[in-house]
Amino acid sequence: MKLSALIRSLRQFYFNNPIYTWRLNRVEAREIKIPVFDSWPGEIEVGRDIINGKIVGLKLSNDQSVWEIKPMDPLSFEALHGFTWLRHLRAQGGEVARQRVRKLVSDWLDAFNVWHPVVWRGDILGERISAWLGMFDFFCESASDDFRKRVLQSITKQIMHGLNDIKSNEVGIRRIRTLKGLLIGCTAMNFDETRGNLLRRLLHKELELQVLPDGGHISRSPSIHVEFIMALIDIRNISRANGLETNEELQAFIARMSRVLRLWRHGDGKLALFHSSQENGKPLIDSVLGQVESQQKTIYAADNIGFHKVSAGSANLIIDTGVNDSHDAENHDSLTAFEFSIGKQRLIVNCGTSPGNVGLREVLKTSSAHSMLTVDGVSCRRNSATPTNILTSVIRKVVDGCSLVEIIHEGYGGNYGLSHSRSFYLSASGNDLRGEEILHYSGAPGVIPREAIIRFHLHPRVRASLVQDGSSILLRPTAGGFWRFKSDSTLLLEESLYLGTANRQRTEQIIIMASLEDIRDKSEIVVRWALSKENTSANKIK
């Protein structure tokens, strides 16, 4: 057993000891000296679902308590006990919503108000502290004195435990959730300044570790990136409420990260689907950018995190041009994958993620769930057979307003001896997107590949049909005009799934197939494709 694991095991043994429980139970409830306000919007529809017994994907019977159920998916379990879903009940508003919150919180206190190895883990505990304090007025202001006292005592206990366990918490965004909750809790409930200074030093360390020079979060996940900025804004806001001047360094991180957030936005104001991300609500993202307090513009080439964006006319092309060095378990095998939208209409997308389904979420991490090229159905990733850095180069040029982005990588070098070059061309008007895929055989030994498959997953609001004897595909989005997809290789239409929102939706994907069986004789195989807007009226298109 590693030393760190041994220490963690000993600490958990101590926390589970009746003596530790007795010590925490002796803690007197602290009053809230500095009010906390959670400034993030919720969704009324989700709040209504919670009132009706549906919460984080769980459907409850009339007399069933949600705390009797342990969701199969760890992310759903974390979300349930983190209580950030209180925002949706607050958005719903009214006495029925308040009573529902009180019942849920009261039942949680009955079941989990003592240490639990997961429920009291630093990141979940931090989210819960932030949620309870941030929405305290909503569900506690008109509650009984006994209920308010129970909540305040539990918050105080959780803060004390979080401080006791501060050196044993998770890394990445989980670490930030912990620090945010404890900073908000210690400030709001007037803990001594020594605690606050320690937490701010730990936060500074995490900012240096997790935020890259271009402002991107090390996870490369748009959803995690948004949450990270929200946490920093929450910390800034509680510091101001305490009469402290805004930390210039903290504000600089917020501003820098906002540039990358804008890179990941489509014309509908929501997020592109990369690395375990879903669209997220436009009101939430607008709220985040509205509280950034910076006028920094979008960054279009973020090479530290590996993303490029090309905007022309009303079109947006967002490309994954990087590989994560951190081996984050939530990263997808999506090097060279892209999304394309025109105005508020998404045309080409990736499949997204499924937070409540472990098995499906793993499938959605594969290259086939993205708009990109694969060889023999194998994901493009680093492994023992590939170089440490499979990305060779990213070249970007602009000529007469037209943009060219070329990515070269060796993700299939170890297994097949192949390098892949993917080029994108977007016209100045945004109405003409072209691509070129080149697979080059290096002469190295390896498996002889059979075929390359290039996928273009379509948004559910795009209807597609093969026309002109299968030589092109006509796309009919609900907005954005008619588009035609062409290629110099075989075209197919197949079923696909879209999980950019909470609801799984059926959609289609365009597939280009190219044989690779003779690539060693030819040295390279080239496939070209194009997506262009039709100028003729709908009844003239064939």
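Keep in mind that this is a model prediction, so the values were computed, not measured.

S.K.: Pulling in residues and values, what's your account of the overall build of the chain?
M.R.: When you go through the chain residue by residue, the secondary structure sums to 17 helices and 19 strands. Relative to the globule expectation of 24 Å for 542 residues, the C-alpha radius of gyration of the chain, 26 Å, shows essentially globular dimensions. A buried classification covers 53% of the 542 residues belonging to the chain. By sequence separation, contacts in the chain at least 24 residues apart represent 68% of the contacts at least 6 residues apart. Across the chain, 68 positive and 61 negative side-chain charges occur, with their mean positions spaced 3 Å apart.

S.K.: Help me get a handle on the pairing of strand E14 (residues 462-467), residues and values and all.
M.R.: Here E14 runs beside strand E15 (residues 472-477); their pairing, made up of six bridges, is antiparallel. For Ser465, the partnering residue across the bridge sits in E15 and is Leu474. Adjacent in sequence and paired antiparallel, E14 and E15 are bridged by four residues, among which Gln468 carries a positive phi angle near 55 degrees.

S.K.: I'd like a rundown of the pattern of salt bridges, residues and numbers included.
M.R.: Overall, the coordinates contain 32 salt bridges when judged by the stated rule. A salt bridge links Asp38 to Arg87, with the nearest nitrogen and oxygen atoms 3.0 Å apart. Highlighted residues: Asp38 in the loop between helix H2 (18-25) and helix H3 (44-51) and Arg87 in helix H5 (residues 86-92), separated in sequence by 49 residues. Close ionic contact of Arg361 with Asp73 constitutes a salt bridge, the shortest N to O distance being 2.9 Å. Note that Arg361 is positioned in helix H15 (residues 358-363) and Asp73 in the loop between strand E2 (58-59) and helix H4 (74-82), a separation of 288 residues in sequence. A residue is classified by how much of its surface remains accessible, and Arg361, at 6% relative accessible area, is buried. Judged by relative accessible area, Asp73 falls into the buried class, the value being 3%. Overlapping salt bridges, with partners in common, bring together Glu78, Arg121, Asp123, Arg174, Arg177 and Glu227 in one network.

S.K.: For the packing of aromatic side chains, give the residues involved together with the corresponding values.
M.R.: Where two aromatic rings form a pair, the distance of their centres and the angle of their planes describe that pair. Applying the stated criterion across every chain, the model contains 24 aromatic pairs. Seen in terms of ring centroids, Phe15 and Trp115 are 6.0 Å apart; in terms of plane orientation they differ by 45 degrees. Their pairing is tilted. Linking Phe15 in helix H1 (residues 3-15) with Trp115 in the loop between helix H6 (95-112) and helix H7 (122-134), this pair joins segments that are 100 residues apart in sequence. For Phe15, a relative accessible area of 2% gives the class buried.

S.K.: Account for the nonpolar core, with residues named and values stated.
M.R.: In terms of nonpolar packing, the biggest core is built from 139 residues, with Trp85, Leu86, Trp132, Phe139, Val151, Phe338 and Phe340 touching the most fellow members. When sequence neighbours within four positions are dropped, the list of residues in contact with Trp132 reads Phe83, Leu86, Val105, Trp108, Leu109, Phe139, Val151, Ser154, Ile155 and Gln158. Counting residues in each nonpolar core, the second largest holds five residues, with Cys351, Leu364, Ala369 and Leu499 among its members.

S.K.: So, unusual backbone geometry: which residues are in play, and what are the values?
M.R.: The residue Phe83 is not glycine, and still its phi comes out positive at about 65 degrees. Residue classification places Phe83 among the buried residues on the basis of a relative accessible area of 0%. We note that Gln468 has phi near 55 degrees; this positive angle belongs to a residue other than glycine. By the element assignment, Gln468 lies in the loop between E14 and E15.

S.K.: Quick rundown of the environment of Lys397? Include the residues and the values.
M.R.: For Lys397, the location among the structural elements is in strand E9 (residues 391-399). By relative accessible area, which is 49% here, Lys397 ends up partly exposed. Residues contacting Lys397, with those up to four places away along its chain left out, are Cys402, Ser403 and Leu404.

S.K.: Can you tell me about the pairing of E15, naming the residues and giving the values?
M.R.: Of all six residues in E15, five are buried; the element is thus mostly enclosed. Both E15 and strand E16 (residues 483-487) contribute to a ladder of four bridges, which runs antiparallel. Within E16, the position partnered with Leu474 by the bridge is Arg484. Between E15 and E16, which pair antiparallel in sequence order, lie five residues; one of them, Gly480, sits at a positive phi of approximately 95 degrees.

S.K.: With reference to specific residues and values, describe the packing of H7 against helix H9 (residues 145-164).
M.R.: Where H7 contacts H9, the axes come no closer than 10 Å and their chain directions differ by 145 degrees. Our pair here, H7 against H9, has a crossing hand that is left-handed. In contact with Leu125, Arg128, Ile129, Trp132 and Leu133 of H7, H9 contributes Val151, Ser154, Ile155, Gln158, Ile159, His161 and Gly162. For the contact of H7 with H9, the class distribution of residues is seven nonpolar, four polar and one charged.

S.K.: Give a detailed account of the side chain of Ser379, specifying residues and quantitative values.
M.R.: On the secondary structure map, Ser379 appears in the loop between strand E8 (373-375) and E9. Under the relative-accessibility criterion, Ser379 is labelled buried at 12%. Looking at Ser379, its side chain comes within polar contact range of the main-chain nitrogen of Ser367, at 3.0 Å. The residues touching Ser379, leaving out its near neighbours within four places in the chain, are Asp333, Thr366, Ser367 and Tyr412.

S.K.: Lay out the side chain of His275 with the relevant residues and their values.
M.R.: Its place among the elements puts His275 in the loop between helix H13 (248-263) and helix H14 (282-290). Classification of His275 as buried rests on a relative accessible area of 2%. Side-chain polar atoms of His275 contact the backbone nitrogen of His332, separated by 2.9 Å. Not counting residues within four places of it along the chain, the set of residues in contact with His275 comprises Arg220, Ser221, Phe307, Asp320, Glu330, Asn331, His332 and Ser334.

S.K.: How would you summarise the sheet that holds strand E11 (residues 418-426) if you had to cite specific residues and measurements?
M.R.: Reading across the sheet, the eight strands line up as E9-E10-E11-E12-E19-E16-E15-E14 and stay open at both edges, with antiparallel pairing between neighbours. If you trace the sheet from one side to the other, it starts and ends with E9 and E14, each paired once. The mean angle between the axes of side-by-side strands here comes to 15 degrees, regardless of whether they run parallel or antiparallel. In terms of strand pairing, E9 meets strand E10 (residues 402-409) through eight bridges, oriented antiparallel. Each residue of the ladder has a partner; that of Val394, found in E10, is Ile407.

Criteria and cut-off values
- Residues numbered from 1 in each chain as written.
- Predicted model: local features only at pLDDT ≥ 70, side-chain atom pairs only at ≥ 80, totals over all residues.
- Heavy atoms only, no water.
- Helix = DSSP H or I, 4+ residues; strand = E, 2+ residues; numbered from the N terminus.
- Rg over C-alpha atoms; globule rule 2.2 N^0.38 Å.
- Buried < 20%, exposed > 50% of the residue type's maximum accessible area, 1.4 Å probe, protein only.
- Contact = heavy atoms within 4.5 Å.
- Lys, Arg positive; Asp, Glu negative; His and termini not counted.
- Charge placed at Lys NZ, Arg CZ, Asp CG, Glu CD.
- Pairing = 2+ DSSP bridges.
- Salt bridge = Lys/Arg side-chain N within 4 Å of Asp/Glu carboxyl O.
- Phe/Tyr/Trp six-rings, centres within 6.5 Å; stacked < 30°, edge-to-face > 60°.
- Core = buried A, V, L, I, M, F, W, Y, C linked by side-chain atoms within 4.5 Å.
- Axes fitted to C-alpha atoms, helices over the stretch in contact; angles between N-to-C directions.
- Left-handed = near helix turned anticlockwise from the far one by under 90°.
- Nonpolar A, V, L, I, M, F, W, Y, C, P; charged D, E, K, R; others polar.
- Polar contact = N/O pair within 3.5 Å; in protein donor to acceptor, adjacent residues only side chain to side chain.

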